[in-house]
Amino acid sequence: MSEKIQKILAAAGIASRRQVETMISDGRITVNGAIAQLGERMTHHDKVCIDGREVKLNKSLNQKTRVLLYHKPEGEMCTRHDPEGRPTIFERLPLIRNSRWICVGRLDYNTSGLLLISNDGELANLLMHPRQAVEREYAVRIRGDITAEITSRLLKGVMLDDGIARFEKMVTAGGTGTNHWLHVIVKEGRNRLVRRLFESQNLTVSRLMRVRYGNVYLPSNLKRGRYVELTPDEMTLLFDFVKFVQQP
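Residues numbered from 1 in each chain as written. Predicted model: local features only at pLDDT ≥ 70, side-chain atom pairs only at ≥ 80, totals over all residues. Heavy atoms only, no water.

Draft legend 1. Structural detail: the pattern of salt bridges. All chains considered together, the criterion is met by 17 salt bridges. Between arginine 28 and aspartate 51 there is a salt bridge, with its nearest N and O atoms 2.7 Å apart. Residue arginine 28 is found in the loop between α2 (17-25) and β2 (29-31), and its partner aspartate 51 is found in the loop between β5 (48-50) and β6 (53-55); the two are separated by 23 residues along the sequence. Measuring nitrogen to oxygen at the nearest pair gives 2.7 Å for the salt bridge that ties arginine 92 to glutamate 76. Of this pair, arginine 92 sits in the loop between β7 (67-72) and β8 (102-104) while glutamate 76 is found in the loop between β7 and β8, placing the two residues 16 residues apart along the sequence. Residue glutamate 76 is classed as buried on the basis of its relative accessible area of 3%. Ionic contacts of the salt-bridge type, sharing partners, join the residues Asp161, Asp162, Glu188, Arg190 and Arg196 into one network. (Salt bridge = Lys/Arg side-chain N within 4 Å of Asp/Glu carboxyl O. Helix = DSSP H or I, 4+ residues; strand = E, 2+ residues; numbered from the N terminus. Buried < 20%, exposed > 50% of the residue type's maximum accessible area, 1.4 Å probe, protein only.)

Draft legend 2. Summary view of unusual backbone geometry. Phi is positive for asparagine 32, close to 55°, though the residue is something other than glycine. On the secondary structure map, asparagine 32 appears in the loop between β2 and β3 (34-35). By relative accessible area, which is 49% here, asparagine 32 ends up partly exposed. A positive phi angle is found at lysine 243, which is not glycine, with a value near 55°. When you line up the elements, lysine 243 lands in the segment after α6 (232-242).

Draft legend 3. Expanded view of the sheet that holds β6. Judged by pairing direction, the sheet is antiparallel, and its four strands sit side by side in the order β3-β2-β5-β6 without closing on themselves. Two strands bound the open sheet, and with one partner strand each, they are β3 and β6. (Pairing = 2+ DSSP bridges.)

Draft legend 4. Here's a closer look at the pairing of strand β15 (residues 204-213). Counting buried positions over the 10 residues of β15 gives eight, a clear majority of the element. Here two bridges tie strand β9 (residues 112-118) to β15, and the two strands are oriented parallel to one another. Each bridged residue has a counterpart across the sheet, and for serine 112 the counterpart in β15 is methionine 209. Where strand β10 (residues 136-143) lies against β15, eight bridges are found, and the strand directions are antiparallel. Residue pairing for β15: arginine 143 is matched across the bridge by threonine 204. When β15 meets strand β16 (residues 216-217), the two strands line up antiparallel, connected through two bridges. Its bridge partner lying in β16, tyrosine 213 is registered against valine 216. Linkage of β15 to β16, two consecutive antiparallel strands, is achieved through a turn of two residues, within which glycine 214 is found at a positive phi near 65°.

Draft legend 5. Expanded view of the nonpolar core. Val140, Phe167, Val184, Val194 and Phe198 are the most contacted members of the largest nonpolar core, which totals 33 residues. Where this core is concerned, the elements lending two or more residues are β7, β9, β10, α4 (148-156), β11 (158-160), β14 (180-186), α5 (193-199) and β15. The dominant element in this core, judged by the number of residues it contributes, is α5, at four residues. Apart from the residues within four sequence positions on either side, phenylalanine 198 is in contact with Val140, Ile142, Ile146, Leu154, Phe167, Met170, Leu182, Val184, Leu203 and Val205. Core analysis: the next-biggest nonpolar cluster, separate from the first, contains 24 residues, Val67, Leu69, Leu126 and Leu238 among them. (Core = buried A, V, L, I, M, F, W, Y, C linked by side-chain atoms within 4.5 Å. Contact = heavy atoms within 4.5 Å.)

Following this line, the structure appears as structure tokens:
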């Protein structure tokens, strides 16, 4: 049965669906020798090349969907290769055959905490897609005084350089002065969103850690730089959460 090229390549773990669409728009993908077009349909038996290298799709047909929960430390990049030679999260992950790991959203260099990583691009796409409005919860240490007026603005929404943004929820988590902790929730994955929201109110974030993504929490006993694989029961809960149906 034929399906859209971006769906097949995402399910094969090549990249998320949105990343595949970008590759197609950039002319990096060919199907049976012709440059692929967005929305084009294909099967697993067609010859697909990315940047001139053939992708063996048949090997991915029976690939089981896997999800890793990784505790990212500060000082690691979420890219596969960093031009400055900084360490990346992918250096810590297990090898995977006939597929590749896809990071569900990113955390910047100075942010730590929970990262979900999957070999299934369709699942990654569902977890990241704006229409899903998946909650991301962060523990934040702030320098500066957070007044009632500032809290009100951050909950109602402030204008950033890429549009209006806001926190869904802000809860005090202890500490005073330069060691004032909050838990905040956003429903977007915009770059440096939490930091930029606080910066808009002249507040400095001195520590930032993601503690939850959707219905998955960062385990308190998972050390930085370590990962665990979700169990079948945990996978079922995650699939149900985003209404993901695994390909037979």
